[in-house]
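Residue-level structure breakdown
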Amino acid sequence: MRWLRKAAIGSLYQFKQSEFMKTSAGRNVVVVGTQWGDEGKGKLVDWLTESAQGVVRFQGGHNAGHTLVINGVKTALHLIPSGIMRPGVKCYIGNGVVLSPAKLFEEIAGLEQVGVDVRSRLRISEACPLILPFHAALDLAREAAREHGGLVKIGTTGRGIGPAYEDKIARRALRVQDLKFPERFAAKLRDLLALHNHVLTSFLGSAAFDFGPTLAPFMRNGEVQFDPVYAQAMAHAKLLAPMMADVSRELNEAHQAGANLLFEGAQGTLLDVDHGTYPFVTSSNCVAGNASAGAGVGPGMLHYVLGITKAYCTRVGSGPFPTELDWEREGTPGYHMSTVGAEKGVTTGRSRRCGWFDAALLKRSAQVNGLSGLCITKLDVLDGLAELQLCTGYMLDGAHTDILPMGADDIERCQPVYETLPGWTQSTVGVTQYEALPPEARRYLERIAELTGVPIHMVSTSPDRDHTILMRDPYQAR
């Protein structure tokens, strides 16, 4: 029996040794927005990609809008990961993303016009649900029906994101992999059109709506037609084929080979379908944990979560916003934020509502994301304001709370409780050293960290890639 014991000890040694050898695996960072989106995630993903070999989108669709400014040149991305602007970096679209092939190739064409190599570096999960013209038609018709019926619009982008996720959850979605089998695709498409055209015409009264020039080629009398949808899909199938991949497998293999990966969230935590200001939310999970399910990697591969947080708050579309200011009247702090911050939606062009920083909101985001650190963006927009209000909690039905409640109804009744801090007159634009910030700006940042319990590891002082203060590198932090 002694030889068995020796063999067992030898096997244990080999196992421990193999586990030790795995320390060469890469380090991975998740980037999420902590507010209602538009926090400046694109710039930070691009900046962090200097330390990464792969960037992954794991949720949402082309309703995202990430703006990058590199050497003074602005680039807007909606579907392709922001790492595409770094030569040699692999980009992945995970299974949690709903994919519009039409918008994908429109975006690819724009990047190729300025010399960016996309097709050889982009990998797309075959499990991605497709966004097709009838999804956008449903999205637009529902918002129009709500408005005509006297209800508040949800404020969707009208791009078909929600209806595509509905098909996924109902287990009837057409996925990227279906494009490889034309007959199967056609049969499933006919079934979907029968269902959705019935909803469009009988329930939503789509014959009375103007769907605009983009959808017009696919529609007749309020119904989406099979032939143009099928023809477009088959044309896209040939172009997509070289980029289709088992993204889960490729990410796991890249990680084991030592590659650093960056998981790029879209929208923001308060738009998460579970944890946001429901029902004024998006249709996917925007929190860090969804990087695992939406890309096909284990939670143990997510090593650091960076929360991107604007130095004030903004929101596009409908829904409660406790610290909202009058952002349309000249001479007010809200107007200053709106104009200096150029607060227009990248995807829709809609004006963003503006308000004071909300630390109680950020507490909720930190809780549901497990934030490792914060990056505060657009600090420079606050330059010149004499004093700043910082929301520390709310009065809700006569009781004080220091964390954002769950659901829109309770949040709508919240009255913010403010703490006043002095502003600063010096410019912070382009500052790259923390000590070079005005003392009042440093105190403002330190107070945010104190109230939320999350350390600030990075600060962005303009949209330019290089105008970033780094206190702790997410790829080095342990």
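Shown above is the structure to which this text applies.
Predicted model only: the values in this text are computed from it and were never measured. (Residues numbered from 1 in each chain as written. Predicted model: local features only at pLDDT ≥ 70, side-chain atom pairs only at ≥ 80, totals over all residues. Heavy atoms only, no water.)

1. A short note on the overall build of the protein chain
Each helix and strand counted, the protein chain has 14 helices and 20 strands in total. Here the C-alpha atoms of the protein chain give a radius of gyration of 24 Å, agreeing with the 23 Å that 2.2 N^0.38 yields for 478 residues. Taken along the three principal axes of its C-alpha coordinates, the protein chain extends 80 × 65 × 50 Å. Residue pairs in contact within the protein chain that sit at least 24 positions apart in sequence constitute 75% of those at least 6 positions apart. About 20200 Å² of surface is accessible on the protein chain, with carbon and sulfur atoms providing 53% of the total. In the protein chain, the 48 positive side-chain charges and the 49 negative ones have mean positions that sit 8 Å from each other. (Helix = DSSP H or I, 4+ residues; strand = E, 2+ residues; numbered from the N terminus. Rg over C-alpha atoms; globule rule 2.2 N^0.38 Å. Contact = heavy atoms within 4.5 Å. Areas by Shrake-Rupley, 256 points an atom, 1.4 Å probe, with all protein chains shown as cover. Lys, Arg positive; Asp, Glu negative; His and termini not counted. Charge placed at Lys NZ, Arg CZ, Asp CG, Glu CD.)

2. Here's the deal with the environment of phenylalanine 181
Among the structural elements, phenylalanine 181 can be located in the loop between helix 5 (161–169) and helix 6 (182–203). Considering only alpha carbons, one finds phenylalanine 181 and methionine 234, 53 residues apart in sequence, at a separation of 9.7 Å.

3. Concerning the pattern of salt bridges
Evaluation of the coordinates by the stated rule reveals 24 salt bridges. Lysine 310 serves as the salt-bridge partner of glutamate 343, at 3.2 Å between the closest nitrogen and oxygen. Placement of the pair is glutamate 343 in the loop between helix 11 (333–340) and strand 13 (353–355) and lysine 310 in strand 11 (residues 304–310), with a sequence separation of 33 residues. This pair shows no difference in class: glutamate 343 is buried, exactly as lysine 310 is. (Salt bridge = Lys/Arg side-chain N within 4 Å of Asp/Glu carboxyl O. Buried < 20%, exposed > 50% of the residue type's maximum accessible area, 1.4 Å probe, protein only.)

4. Some remarks on the state of the cysteines
Overall, the coordinates contain zero disulfides when judged by the stated rule. Cysteine 313 supplies the cysteine sulfur nearest to cysteine 391, a cysteine that is in no disulfide, at a spacing of 8.4 Å. (Disulfide = S-S within 2.5 Å.)

5. Notes on the side chain of asparagine 369
Mapped onto the elements of the fold, asparagine 369 is located in helix 12 (residues 359–369). By relative accessible area, asparagine 369 is classed as buried at 6%. Within the structure, the side chain of asparagine 369 is placed 2.9 Å from the backbone oxygen of serine 365, a separation counted as a polar contact. For asparagine 369, the residues in contact, after removing those within four places along its chain, are Val32, Thr269, Val287, Ala288 and Val305. (Polar contact = N/O pair within 3.5 Å; in protein donor to acceptor, adjacent residues only side chain to side chain.)

6. Remarks on the packing of helix 6 against helix 8 (residues 226–240)
The contact between helix 6 and helix 8 brings their axes to 11 Å, and the two run at 145°. Helix 8 is crossed by helix 6, and the crossing has right-handed handedness. The segment helix 6 lies against helix 8, with Pro182, Phe185, Ala186, Leu189, Arg190 and Leu193 engaging Phe226, Val229, Tyr230, Ala233 and Met234. Taken together, the residues of the contact of helix 6 with helix 8 sort by class into ten nonpolar, no polar and one charged. (Axes fitted to C-alpha atoms, helices over the stretch in contact; angles between N-to-C directions. Left-handed = near helix turned anticlockwise from the far one by under 90°. Nonpolar A, V, L, I, M, F, W, Y, C, P; charged D, E, K, R; others polar.)

7. Comments concerning the packing of aromatic side chains
Taken as a whole and assessed by the stated rule, the structure comprises four aromatic pairs. Aromatic side chains tryptophan 36 and phenylalanine 321 sit 5.1 Å apart centroid to centroid with 55° between the ring planes, which places their arrangement in the tilted category. Of this pair, tryptophan 36 sits in the loop between strand 1 (28–33) and helix 2 (41–48) while phenylalanine 321 sits in the loop between strand 12 (313–315) and helix 11, placing them 285 residues apart in sequence. Here tryptophan 36 matches phenylalanine 321 in class, with each residue buried. Between phenylalanine 226 and tyrosine 230, the ring centres sit 5.4 Å apart and the planes meet at 10°, which makes this aromatic pair stacked. Taken together, the residues phenylalanine 226 and tyrosine 230, both in helix 8 and four residues apart, mark about one turn of the helix. (Phe/Tyr/Trp six-rings, centres within 6.5 Å; stacked < 30°, edge-to-face > 60°.)

8. Points about helix 8
Its 15 residues give helix 8 an end-to-end C-alpha distance of 21 Å, which sits within 8% of 21 Å, the value for a rise of 1.5 Å per residue. Three or more residues of helix 8 are buried, namely Phe226, Val229, Ala233, Met234, His236, Ala237 and Leu240. The buried residues of helix 8 occupy an angular sector of 165° when projected down its axis, which confines them to one face. Within helix 8, the exposed residues directed more than 90 degrees away from the buried face are Asp227 and Lys238. (Expected span 1.5 Å × (residues − 1). Arc of directions from axis to C-beta.)

9. What about unusual backbone geometry?
Cis rather than trans, the peptide bond between tyrosine 278 and proline 279 has omega equal to 10°. Looking at where proline 279 falls in the secondary structure, it is placed in the loop between strand 10 (261–264) and helix 10 (290–295). Positive phi is not limited to glycine here, since aspartate 38 has a value of about 65°. By the element assignment, aspartate 38 lies in the loop between strand 1 and helix 2. The backbone phi angle of arginine 171 is positive, close to 65°, even though this residue is not glycine. Note that arginine 171 resides in the loop between helix 5 and helix 6.

10. Points about the pairing of strand 5 (residues 90–93)
In terms of strand pairing, strand 2 (residues 54–57) meets strand 5 through four bridges, oriented parallel. Bridging from a neighbouring strand, valine 56 pairs with tyrosine 92 of strand 5. Two elements, strand 5 and strand 6 (residues 122–125), share three bridges in a ladder whose sense is parallel. Within the sheet, the bridge partner assigned to isoleucine 93 lies in strand 6 and is isoleucine 124. (Pairing = 2+ DSSP bridges.)

11. Regarding the sheet that holds strand 10
The strand order across the open sheet built from ten strands is 9-6-5-2-10-1-11-15-19-20, with neighbouring strands paired in mixed fashion. The outermost strands of the open sheet, each flanked by one partner alone, are strand 9 (244–245) and strand 20 (468–470). Bridge count for strand 11 against strand 15 (residues 373–377) is five bridges, and the pairing is parallel. Each bridged residue has a counterpart across the sheet, and for threonine 309 the counterpart in strand 15 is isoleucine 376.

12. Side note on the pairing of strand 16 (residues 387–396)
For strand 16, the tally of buried residues reaches eight of ten residues, placing the bulk of the element in the interior. Where strand 14 (residues 357–358) meets strand 16, two bridges bridge the pair, whose relative direction is parallel. From the neighbouring strand, aspartate 358 faces strand 16, where its bridge partner is cysteine 391. Note that strand 16 and strand 18 (residues 415–422) share eight bridges and pair antiparallel. Residue pairing across strands places tyrosine 394 opposite proline 416, the latter belonging to strand 18. Two strands pair when backbone bridges link them, and strand 16 and strand 17 (residues 399–401) are joined in this way by three bridges, in the antiparallel orientation. Bridged to leucine 396 within strand 17 is alanine 399. In this structure, the hairpin formed by strand 16 and strand 17 is closed by a connection of two residues, where aspartate 397 is found at a positive phi of approximately 55°.

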